[in-house]
Amino acid sequence: MELLRFHFGFALLLDGTIAGFRVQDHLRRMGLARRAMSLLVPQRPGLALLSEVPGVLRMAGKTASRVTAATHQEVLRHLFESVGEIQQADQRVAGMEQESRQPNEERWQDE
């Protein structure tokens, strides 16, 4: 069986920060942007968002997109933060599941 791969967007990384992230609109509505971000973040510990969009990207955004650079940055911030929150919740659940699998030492001592 061969793995099928297709390109549907890109991420621009600059010194440990996400400077740009773009997924085609119709695929973003299917949740692929969140899935891509959720795969990217764990691969790069400490990854952060660039606080301000670089001038080159701002200019490209004005000509290539109907969305302003500030709006794009806000959407990207929301996506990045929500992926982080989901991953933290998953880690808490995994920790609780691990705790529930450990034998209760008090129970064993009483018997």
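### Description of the sheet that holds strand S2 (residues 17–23)
Pairing is mixed in the open sheet, where 3 strands are placed in the order S1-S2-S3. Looking at strand neighbours, the two that pair on one side only are strand S1 (9–14) and strand S3 (48–49), the edges of this open sheet. Here S2 runs beside S3; their pairing, made up of 2 bridges, is parallel. If you follow Thr-17 over to S3, its bridge partner there is Ala-48.

### With respect to the pattern of salt bridges
Side chains that differ in sign of charge can pair as their charged atoms come close. If you walk through the whole model with that rule in mind, you get 2 salt bridges. With its nearest N and O atoms 2.4 Å apart, the salt bridge here joins Arg-77 to Glu-74. Highlighted residues: Arg-77 and Glu-74, both in helix H4 (residues 69–101), separated by 3 residues, approximately one helical turn. Residue class for Arg-77 comes out partly exposed when judged on its relative accessible area of 31%. Its relative accessible area of 42% is what places Glu-74 among the partly exposed residues. A single network of salt bridges, built from pairs that share partners, joins Glu-74, Arg-77 and Glu-81.

Rules used in this analysis
- Within each chain, residues carry numbers counting from 1 in the order of the written sequence.
- Thresholds applied to this predicted model are a pLDDT of at least 70 for local features of residues and 80 or more for the giving and counting of side-chain atom pairs; totals over whole chains, interfaces and linings are not thresholded and use all residues.
- Values reported for side chains reflect all heavy atoms of the structure, with hydrogen atoms and water molecules removed beforehand.
- Any two strands with at least two DSSP-identified bridges between them are counted as paired.
- Comment: elements are numbered from the N terminus, with helices defined as DSSP H or I runs of at least four residues and strands as E runs of at least two.
- Any Lys or Arg side-chain nitrogen found within 4 Å of a carboxyl oxygen on Asp or Glu counts as a salt bridge.
- Partly exposed describes any residue whose relative accessible area lies between the buried limit of under 20% and the exposed limit of over 50%, with all areas from a 1.4 Å probe on protein chains only and scaled to the type maximum.

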